[in-house]
Amino acid sequence: MDTSSGGRRPEEASSGGRRPEEASSGGRRPDEAPPAAEPADENPVCPTCRGARFVHPRLENGRPDYERLVPCRCLGQSLDDTRMERMRSYSNLGALARLTFENLIPEGKSAEAANQELFLRAFRAAQAFAASPQGWLVLTGPSDSGKTHLGAAIAGRRISDGHRAMFMGTADLLDHLRSTYSPDSDVSYDQLFTQLKEVPLLVLDDLGGQSSTQWAEEKLTQLIDHRFVSRQPTVFAIASNVSLEGLKEKWRTRLTDPSLAQVFQLEKRLSSATGGSFSMSLPLLQKMTFESFDFHRINLPQEQRQNLEHAYRIAAAYAESPEGWLVLHGENGCGKTHLAAAIANRRLGRGLPVSFVFVPDFLDHLRSTYAPDSKVTYDEMFEMVKNAPLLVLDDYGEHAASAWAQEKLYQLINHRYNARLPMVVTMCCSLDDIETRVGSRLADRQISLVFAIMAPDYRTDRSAPRTPPPYPAPRRGRGRGPDDHSRRQPRG
């Protein structure tokens, strides 16, 4: 007897144990009346295997191969459903599984055009990350800006595609770890922590919002360090009440490592279309447009006129689509500020936000926030400038060389560098004269275009042409040679 078919003859296995002539009529004789209709079963029997879960495969001639049994396709579907259910349970998404890319507005909830642009950029990055997770994705922004929704959508998409992922709030993660110390815990500490460290994709929500105990910081540091060293794909949603700079220094350096992490700010507060208290309110700056910029200064040598025209065209192109950084340097009065203001005025004319900051004034404003009667806090002012959609830093280097001033400006530059936020910088000094931490970022060819303007101070122009120095080609970053005139020029 063939035991592979449950003690039945091979031809009976595929028909639920009935004779072939009975299988087609549900076990009735041809002369019997059909039974009364019964309510449909909530889990109907598979019509292919009739509940046996296995079938005889077909031979090339189309007849059943009674010598073999193979799983029915209904069994495969059941196994897939069971596996998917286990993965959903493992993911810890729970009710957050309803948060998907399909029910998320790509431009976010903000009515501000600048915030919509920021969110759309993060939305597209999150979709790309969900399709092929590589490195880290770091999401920042105020409460209800969409960080949790994006994180849950990424985890849900990975699970739908058949991959393991885990979503965990930081406070919940620590609670789960604490609970493993209980004698009646179903899982050991080592088992749970290993899952968190090794899961192919981890979404850690509300980082920084947990209670700050030494034990909690130690556990999170271990987790972040492990996934950093192993380059495990991870999504970090930063708590709304902290900034990246407010995190532990070791966490911040990991989360902003440009070789691994992408940092996206989903939304920021904008007090006005001009970028808050730093704007183009001065009448002189408002008159500095591309139309009023004169690059035909006929009293200059041809090489300097060509250099000035080149600077004009670079600035005009940047104003159309600000990406990365534009660093303009040259002596006082060469046209740096005019071109920077022209970029800002062009963007403002289109209703787009810009912050125009004269560096010495900015430092004075920051210091004034420490006064008891200040109407704005230090954090509010610093965050407004750090996260401006487009920032113009005018006269960088013309500030007191105090340790406090250097640290504040480094924090500003470093934040915009890690977040890849557009910025225009003007300076009279060369990059060699800037603090190394800042100079290396301003000179990074991947983000920054550095251009030296050779023209002299227009206020001291003379009719007699000067002997021109060699004309340098526009360049990105460092790499200065003996003919490069980016070093400090004598002032007129």
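Residues numbered from 1 in each chain as written. Predicted model: local features only at pLDDT ≥ 70, side-chain atom pairs only at ≥ 80, totals over all residues. Heavy atoms only, no water.

Draft legend 1. Layout of the sheet that holds strand S11 (residues 423–427). Pairing is parallel in the open sheet, where five strands are placed in the order S9-S10-S11-S8-S12. Looking along the sheet, the strands with just one partner apiece sit at the ends: strand S9 (355–358) and strand S12 (448–452). Averaged over neighbouring strand pairs, the angle between their axes works out to 15° when direction is ignored. The pairing of strand S10 (residues 391–394) with S11 spans three bridges and is classified as parallel. Of the residues in S11, the one forming a bridge with Val-392 is Val-424. (Pairing = 2+ DSSP bridges. Helix = DSSP H or I, 4+ residues; strand = E, 2+ residues; numbered from the N terminus. Axes fitted to C-alpha atoms, helices over the stretch in contact; angles between N-to-C directions.)

Draft legend 2. Representation of unusual backbone geometry in the model. Located in the positive-phi region is Arg-231, a residue other than glycine, with phi close to 55°. Within the secondary structure, Arg-231 sits in the loop between helix H8 (214–229) and strand S6 (234–238). With a phi close to 65°, Asp-395 is a non-glycine residue in the positive phi region. Among the secondary structure elements, Asp-395 is positioned in the loop between S10 and helix H15 (403–419).

Draft legend 3. Seen up close, empty space enclosed by the protein. Throughout the structure, instances matching the rule amount to two cavities of 30 Å³ or more. Along the lines of polarity and charge, the residues of the lining of the second largest cavity split into two nonpolar, five polar and three charged. (1 Å grid on protein atoms, 1.4 Å probe; cavity = no way out; pocket = protein on both sides within 12 Å on 5 of 7 lines; lining within 4 Å. Points joined across faces, edges and corners; volume = space filled by probe spheres on them. Nonpolar A, V, L, I, M, F, W, Y, C, P; charged D, E, K, R; others polar.)

Draft legend 4. Focus on the sheet that holds strand S4 (residues 166–169). In space, the five strands of this open sheet follow the order S4-S5-S6-S3-S7, with parallel pairing throughout. Edge strands, defined here as strands with exactly one partner in the open sheet, are S4 and strand S7 (261–265). Direction aside, the axes of adjacent strands within the sheet are offset by 15° on average. As defined by bridge partners, S4 adjoins strand S5 (residues 202–207) across four bridges and the pair is classed as parallel. Pairing of Met-168 across the sheet is with Leu-204, part of S5. Here helix H6 (residues 170–179) sits on the sheet in contact with S4 and S5, set at roughly 95° to S4. (Contact = heavy atoms within 4.5 Å.)

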